[in-house]
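Here are the chains, one letter per residue:
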Amino acid sequence: MSLADKMMTSRARSFRSVSEPTGYEHGSMQMGKRGHLALKVDDEECLQEVRQRLVKAGASDGTITDFGAVRIVTFKDPDGVEGEVARWTDNKRVLGFEERKRELWSG
């Protein structure tokens, strides 16, 4: 028996020894419709360009939410999937929801 076969046999034994249900037994690992998409941009200029394009496409109201360490603009695609475009800043502190700042789109 090869080393790979021995390893597979050992792994198979360890998987069989799980006595508690894991939640993965009935296909729960299959992906359904995704409800959220997050994208990262490298700088403020790119965030502003994406923001403008999202507003022009009718996918966003253009509001930027500033959480200190990260600034995001949210959008919704034609299929209803919600998403955000994020720019990480040099600020190390992430603001809480009550502290966040909002920058409304002024066009």
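Not measured: the values here are computed from a predicted model.

About the thresholds
- Residues numbered from 1 in each chain as written.
- Predicted model: local features only at pLDDT ≥ 70, side-chain atom pairs only at ≥ 80, totals over all residues.
- Heavy atoms only, no water.
- Helix = DSSP H or I, 4+ residues; strand = E, 2+ residues; numbered from the N terminus.
- Buried < 20%, exposed > 50% of the residue type's maximum accessible area, 1.4 Å probe, protein only.
- Contact = heavy atoms within 4.5 Å.
- Pairing = 2+ DSSP bridges.

(A) Highlighting the overall build of the protein chain. Of regular secondary structure, the protein chain possesses 2 helices and 5 strands. Sequence-ordered secondary structure for the protein chain, helices as α and strands as β, is α-β-α-β-β-β-β. With 107 residues in all, the protein chain has 24% of them scored as buried. Restricting to contacts in the protein chain with at least 6 residues of sequence separation, those with at least 24 account for 52%.

(B) Here's a closer look at the environment of Glu45. Assignment of secondary structure puts Glu45 in helix H2 (residues 44-56). The sequence separation of Glu45 and Arg87 amounts to 42 residues, and the corresponding C-alpha distance is 9.9 Å.

(C) Layout of the pairing of strand E4 (residues 82-88). For E4, the buried fraction is high: 5 of the 7 residues fall into the buried class. Looking at chain direction, strand E1 (residues 36-41) and E4 are connected through 6 bridges and run parallel. Looking at the pairing, Val41 lines up with Arg87 of E4. In terms of strand pairing, strand E3 (residues 70-76) meets E4 through 7 bridges, oriented antiparallel. Within E4, the position partnered with Lys76 by the bridge is Glu82. Counted between consecutive antiparallel strands, the loop separating E3 from E4 contains 5 residues, among which Gly80 sits at a positive phi close to 90°.

All we've got here are geometric facts, nothing functional implied.
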